[in-house]
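Now for the letters of each chain:
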Amino acid sequence: MLLRVYWYTLIGTLLVAPVSCCDFSESMCGARSPGDIMLGMLIPCHAKVQDLQQRIQPERLNCTEFDLRPFVNSLAVIHTIDIINDSGFLPGIRLGYVMCDTCSDASKGIQSTMHMLGLNQTEPIQCDLMKPSVIKGVIGAGFSEVSIAVARILGLYMIPQVSPTSSAATLDDKLRFPSFLRSIPSDVHQTNAVVQLMVHFKWNWVGIVSGDDDYGKAALQSFLKDAEDAHVCAAFNKVVPHYLDHSESERRIGEVADDIQSSNAQVVLLILRRQLVRQLFEIMIRRGISRTWIASDSWSMSPNLASMKGINAIGDIFGFSFITGQNPGFDNFLTNLSPGLGAVNRFIEEYKNLRFGCSPEVQQHKDCLNSKPTAQCPLLDTLKFKSNFACKIPDPQRANDDFLTHAIDLRTTYSSRLATWSIAYGLKALLKCNKTICTGETDFEPWKLLQEIKKIKFTLDKRQCFFDDFGNFVTGYDLINWVRRGNRRQFKIVGEYRVIKRDVIVSEEIIEWGTLNKSIPESKCSKSCPPGTFQKILKSICCYNCSKCEEGTYTNASDLRNCLRCPNGTWSLRGWSQCKQRAETFFRWNDPLAISLLVITGIGFLLIFSVLIIFLNRRNNVVFKVAGGELCFAMMAGLAVSFGAVVLFVGKPNDHICRSRQTMYGLGFTLAVSSILVKAFRTFLAFLADKHQQHVLNKLYKPSVIIIVATLIQGFICLFWLIFDTPKVKMHISRQSMEIMLQCSEGSNWGFGIMLSYIALLASICFILALKGRKVPQRFNETGYIIFSMIIYLFVWICFIPIYMARIQQRPVVQASATLVSNFGIIFCHFFPKCYMILCKKKKDISKDAYLKSVRNFTITSISKELSDNSSEFGRDSGWNSVETIHSTGSGVSIADSPRDLVKMLQPESQFAGISTFLQKRKRFRKMTI
């Protein structure tokens, strides 16, 4: 055992011996442990290279600012190697390591890598690429930019490189980086996870601040691509120098703060080193600016930032961290920290000097931790805090405490543990190890180990671990929420991102929002478009106006880009969020107008029935005969049919109802008007002066024939209408209505127009005939009623036409109303006066003798007036002409069966024997009296 220790000590001494042609310093490769198989470690234990900007010639690169977090990650690798060695996982094989500092700089990383590859060689870079290297595998580097540079060199020798923290998507390219692997997912997944988080909370207007290194550039491009696909827009995109000592760094950080302050974006993604984030947060805290911050994995669980002064005023912070886990025994390892048997670790020595050995003299040259071991130290990961405490411990290297277990969240070292175990499983497969022995050769070519590592699949802490085709572990991310606890922040897992399903799961109920009402903050270029509207894009896809969906389209969710068409015959109005079935509408029975029309129609039927009873009871009365006698029954029948047509305008229409109601109205009203025409024609003939015309026209006077022919003509019009352009139910659908209006369509309206025109023609003839005989004695004057009723009809239907054509929805009401007015015009003009005379007048006033006396008085008055003005013009025949005068000026209807009978009945020859000259001047007389 002592001999083995001696040999390990000797090998360790050789490992740290200066190598020719190499700029070597203890700070570069200051940790090593001998072993049968040597692993390399590239860890950025220092944050930067001193005075890098002033470098003008090749010179030693000195590192400054001890970085605690990467240092703890390196200790996690060492602790895992010790567990592998002590557990006998590789029987008979001990793993050793060489740990070199990259100082967070790619150039320094290349130098450290060349130094490792040159160990025990005469040249730092071997000429024979196939010759086995002392270093069989490398764990690191910490930053993607360094890993990209180092992977070029290691890929030349096909030495497996497993990084626990470098996540740049560029490293997925196996053509350029054939030997690079990592125990974390690629940034391809991280940027998609960030975008999915933004989509989940509906943040589509975000600011982006990234570093100018390879990692920042690659992450930015990956994010922009994913964001574009998810319709997330960049309100601003700023790039700052990645290197901490860059001369423009402070100014650029200030400009970024100005842009964040002036932008309306409430969410900002920071793809930066944690040191740059700290600088930015300090400015934000001073200005009192609060935003929602999204952290990249480089600072998503930084205790240094979580404990900075004023961090609670900065706003809500979310970030995605690689899947974390426990590292059994690691906290005890840190509490009793030492290099280990046969090992040398200058980084542990530096840490202990900073932790326990700070004095005022030392402070002038180094950054120190609080040297008060018994006090709880600030949780700093980049240790730039200057202490004024004097050193009270004689030998700092012998001192220990639990500071590291509190200063760093040890769960973040899980990926370093995975990286170490993955190499161990690859070695176990390559060396053909069983539980007792490894039969393989330890001096193997590194590329053989690379092939085995790519094929491994093992289970650690109940998690399946393996590399995909791009050399990435197929794990996920934890969603971290920085919750307020006192005057600092704590990390709380509130969700996860699943790599395989490429989705994010958020437990919103456990998120502690910092807003006033604990609501989710908004970050949008434009306000959210509610359901029923869509986004009308302006200059940017995220900047839009909310426009209402047109009729027949809808949106049932917020912020939709386009409206959806209503399915399956449904419909929507402008700005609706859903579609509904259209409702059928028609002139319903319970409609107030319908009820009114039906009541009026009922009154009409009642009046007709009442008149019928009165006329039947007084059918021998002279008034009944003057009113037309049996023609009145035909008129009442026509009006009854016309009133019945009004009823068919109410209720749900169908094709049969549409045909019936127009036919009923046309035939019924035609029957009534044709009966009135017979009355007007008979009066006209009875008092016509011209005997020849009277003789000719008297042959045409056949009441039954006139009524039947007139009605049949209307019947033929309706028949042709029903055959060639029949009325039928038509659905009137309006884009601005949710109703399907069921109405009767009259076809092309030519049949409807001819039907109405024919009735209007009959009414016009009645009007003209009645106008010719308007000077009949007023007491029994019928022509005035005919004129007035026909004027009512013509006026109503002339007004009806434009209203009917313009008011489509009210067509049934309009036509029904016009029909009722026309019917009541006939009732009031033709039946009411006669009923009044029958019921209210004395019998002597309405007898036949009274009627004849009235006619004779009118004749004598008319002839006497004419004789006084034109005495030389009248002869002995003026008695007959006086009868003509009665006919020419009156509108009364005779009570005889024919116009000639009426003349004979009214001609008392004893009173008219001496006026023979009136017959010779009948034309002039007729002109005067008219």
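Note that this is a predicted model, so its numbers are computed, not measured. (Residues numbered from 1 in each chain as written. Predicted model: local features only at pLDDT ≥ 70, side-chain atom pairs only at ≥ 80, totals over all residues. Heavy atoms only, no water.)

Asks: Looking at this model, I keep getting lost on the packing of aromatic side chains. Mind explaining?
Replies: Enumeration according to the criterion identifies 37 aromatic pairs in this entry. Seen from their ring centres, Phe-89 and Tyr-425 are 4.9 Å apart, and the 70° between their planes marks the pair as edge-to-face. Of the two residues, Phe-89 sits in the loop between helix H2 (68–87) and strand S5 (95–101) while Tyr-425 sits in helix H14 (residues 414–430), which places them 336 residues apart along the sequence. Accessibility expressed as a relative area gives 25% for Tyr-425, which makes it partly exposed. Arranged with centres 5.1 Å apart and planes meeting at 70°, the rings of Trp-482 and Phe-491 form a pair that is edge-to-face. Each of the two residues, Trp-482 as well as Phe-491, counts as buried. Grouped by ring-pair contacts, the aromatic residues Tyr-665, Phe-669, Trp-721, Phe-752, Tyr-793, Trp-797, Phe-800 and Tyr-804 constitute a single cluster. Positioned over the ring face of Phe-143 is Arg-273, at 5.0 Å from the centre of the ring. When the ring centre of Tyr-804 is taken as origin, the NZ or CZ atom of Arg-811, which lies over that ring, is 4.5 Å away. (Phe/Tyr/Trp six-rings, centres within 6.5 Å; stacked < 30°, edge-to-face > 60°. Helix = DSSP H or I, 4+ residues; strand = E, 2+ residues; numbered from the N terminus. Buried < 20%, exposed > 50% of the residue type's maximum accessible area, 1.4 Å probe, protein only. Lys NZ or Arg CZ within 6 Å of the ring centre and 35° of its normal.)

Asks: Teacher, can you tell me more about the nonpolar core here?
Replies: In summary, soluble globular proteins display a tendency toward joint burial of nonpolar side chains. One finds Phe-615, Tyr-665 and Phe-831 to be the most contacted residues of the largest nonpolar core, which totals 68 residues. Elements with a contribution of two residues or more to this core: helix H16 (592–617), helix H17 (622–626), helix H18 (631–647), helix H19 (655–686), helix H21 (703–724), helix H22 (750–772), helix H23 (783–806) and helix H24 (811–840). A total of twelve residues in this core trace back to one element, the largest contributor, which is H24. Every residue in contact with Tyr-665, bar those within four places of it in the chain, is listed here: Ser-642, Ala-645, Thr-670, Met-755, Leu-756, Ile-759, Tyr-793, Trp-797 and Thr-819. (Core = buried A, V, L, I, M, F, W, Y, C linked by side-chain atoms within 4.5 Å. Contact = heavy atoms within 4.5 Å.)

Asks: Explain the sheet that holds strand S9 (residues 205–211) to me, please; I cannot follow it from the model alone.
Replies: Strand order in this open sheet of eight strands is S10-S9-S11-S12-S13-S17-S18-S19, and the pairing throughout is mixed. Among the strands making up the open sheet, the edge pair consists of strand S10 (233–240) and strand S19 (503–506). Neighbouring strand axes in the sheet, compared pairwise and without regard to direction, differ in orientation by 25° on average. Direction of pairing for strand S11 (residues 267–271) relative to strand S12 (residues 292–295): parallel, over a ladder of four bridges. When the sheet's bridge partners are listed, Leu-269 is paired in S12 with Ile-294. (Pairing = 2+ DSSP bridges. Axes fitted to C-alpha atoms, helices over the stretch in contact; angles between N-to-C directions.)

Asks: Just checking my understanding: could you explain a nonpolar patch on the surface for this structure?
Replies: A contiguous nonpolar surface patch, about 920 Å² in accessible area, is contributed by Ile-708, Leu-712, Phe-716, Leu-719, Phe-720, Ile-723, Phe-724, Trp-750 and Ile-754. Mapped by element, the contributors of at least two residues to the nonpolar patch are H21 and H22. No other element matches the seven residues that H21 contributes to the nonpolar patch. Looking at where Ile-754 falls in the secondary structure, it is placed in helix H22. (Patch = residues over 30% accessible without salt bridge, like charges linked within 9 Å, V, L, I, M, F, W, Y side chains within 5 Å. Areas by Shrake-Rupley, 256 points an atom, 1.4 Å probe, with all protein chains shown as cover. Salt bridge = Lys/Arg side-chain N within 4 Å of Asp/Glu carboxyl O.)

Asks: Quick question: what am I supposed to make of the sheet that holds strand S24 (residues 583–585) here?
Replies: What holds strands together in a sheet is hydrogen bonding between their backbones, with the strands either parallel or antiparallel. Taken in spatial order, the three strands make up an open sheet running S24-S26-S25, and their pairing is mixed. Strands at the two margins of the open sheet, each flanked by one partner only, are S24 and strand S25 (728–733). Going across the sheet, the axis of each strand differs from the next one's by a mean of 35°, ignoring polarity. Where S24 and strand S26 (residues 739–745) come together, three bridges link them in parallel fashion. Looking across to S26, one finds that Glu-584 is bridged to Ile-740.

Asks: Any chance you could explain the pattern of salt bridges here in plain terms?
Replies: Once their charged atoms are close, side chains differing in charge can pair, the charge on each being opposite to the other. Inspection of the entire model under this criterion finds 22 salt bridges. Linking Asp-259 and Lys-238 is a salt bridge whose minimum nitrogen-to-oxygen distance equals 3.3 Å. Within this pair, whereas Asp-259 is found in helix H7 (residues 249–262), its partner Lys-238 is found in strand S10, the two being separated by 21 residues in sequence. Residue Asp-259 is classed as partly exposed on the basis of its relative accessible area of 23%. As a salt-bridge pair, Glu-452 and Lys-455 come within 3.7 Å of each other at their nearest N and O atoms. On the criterion of helical spacing, the pair formed by Glu-452 and Lys-455 is a turn pair, its members being three residues apart in helix H15 (residues 446–455). A single salt-bridge network, built from bridges that share partners, covers Arg-485, Lys-492 and Glu-512.

Asks: Hey, could you run me through the pairing of strand S21 (residues 544–548) in this one?
Replies: Within a regular strand, the side chains alternate between the two sheet faces. In terms of strand pairing, strand S20 (residues 533–537) meets S21 through five bridges, oriented antiparallel. Residue Gln-535 lies in a different strand from S21, and its bridge partner there is Cys-546. The loop that links S20 with its antiparallel partner S21 comprises six residues.

Purely geometric stuff here, so don't read any function into it on its own.
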